[in-house]
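Analysis of the macromolecular model
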Amino acid sequence: MEKRYEIVVWDNDIGEDERGDYCTIQEAIKAAKQLHREYSYVAIYDYQERVAYVVYGDAKTPIFSDFVHVIKW
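Keep in mind the model is a prediction, meaning the values are calculated, not measured.

1. Brief notes about the packing of aromatic side chains
How two aromatic rings sit relative to each other is given by the distance of their centres and the angle of their planes. Applying the stated criterion across every chain, the model contains 3 aromatic pairs. Ring plane angle 85° and centroid distance 5.5 Å describe the contact between Y45 and Y47, whose orientation is recorded as edge-to-face. Owing to a relative accessible area of 10%, Y45 belongs among the buried residues under this scheme. Overall, the relative accessible area of 34% leaves Y47 in the partly exposed class. With a centroid separation of 6.0 Å and 25° between ring planes, the pair formed by Y45 and F64 is classed as stacked. You can see Y45 sitting in strand β3 (residues 41–46) and its partner F64 sitting in the loop between β4 (51–56) and β5 (69–72), a full 19 residues away along the chain. Side by side, Y45 and F64 carry an identical accessibility label, which is buried. Among the aromatic residues, those joined into a ring-pair cluster are Y45, Y47 and F64.

2. Digging into unusual backbone geometry
Even without being a glycine, R50 presents a positive backbone phi close to 55°. With respect to the helices and strands, the residue R50 is situated in the loop between β3 and β4.

3. Quick look at the pattern of salt bridges
The tally for this structure, following the rule as stated, stands at 3 salt bridges. With a shortest N-O distance of 3.8 Å, E49 and R4 are connected by a salt bridge. With E49 in the loop between β3 and β4 and R4 in the segment before β1 (5–11), this pair connects stretches of sequence that are 45 residues apart. Exposure remark for R4: the relative accessible area of 24% places this residue in the partly exposed category. Note that R19 is salt-bridged to D17, the shortest N-O span being 3.1 Å. In this structure R19 comes out as partly exposed when scored by relative accessible area, which is 33%. It is possible to trace a salt-bridge network through shared partners that takes in R4, D46 and E49.

The rules behind the values
Residues numbered from 1 in each chain as written. Predicted model: local features only at pLDDT ≥ 70, side-chain atom pairs only at ≥ 80, totals over all residues. Heavy atoms only, no water. Phe/Tyr/Trp six-rings, centres within 6.5 Å; stacked < 30°, edge-to-face > 60°. Buried < 20%, exposed > 50% of the residue type's maximum accessible area, 1.4 Å probe, protein only. Helix = DSSP H or I, 4+ residues; strand = E, 2+ residues; numbered from the N terminus. Salt bridge = Lys/Arg side-chain N within 4 Å of Asp/Glu carboxyl O.

Shown next, in the form of C-alpha cells:
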C-alpha cells in the first residue's frame, strides 16, 4: 500500500521537520496525537490531494509551500 500521508511538525527550536509517512489517515492521526506531546504544531500532509490538515497549532503558521492548501482539522 502506498504511503499517502506525512506528518510535519514545527517548533521554535528546530523549525519544520518531517516525522514519517503513513498509509492511512487513521495511522497518521494516531501518530499526530503522540507527537503533540513534543511539538505544539503537528500537521498531516496528504500527498494525493496536496492538502495539509493542521491537527495541533495555528494553521496560519507558514510551514508549507504556497501551492499547498492548509486547513485546520
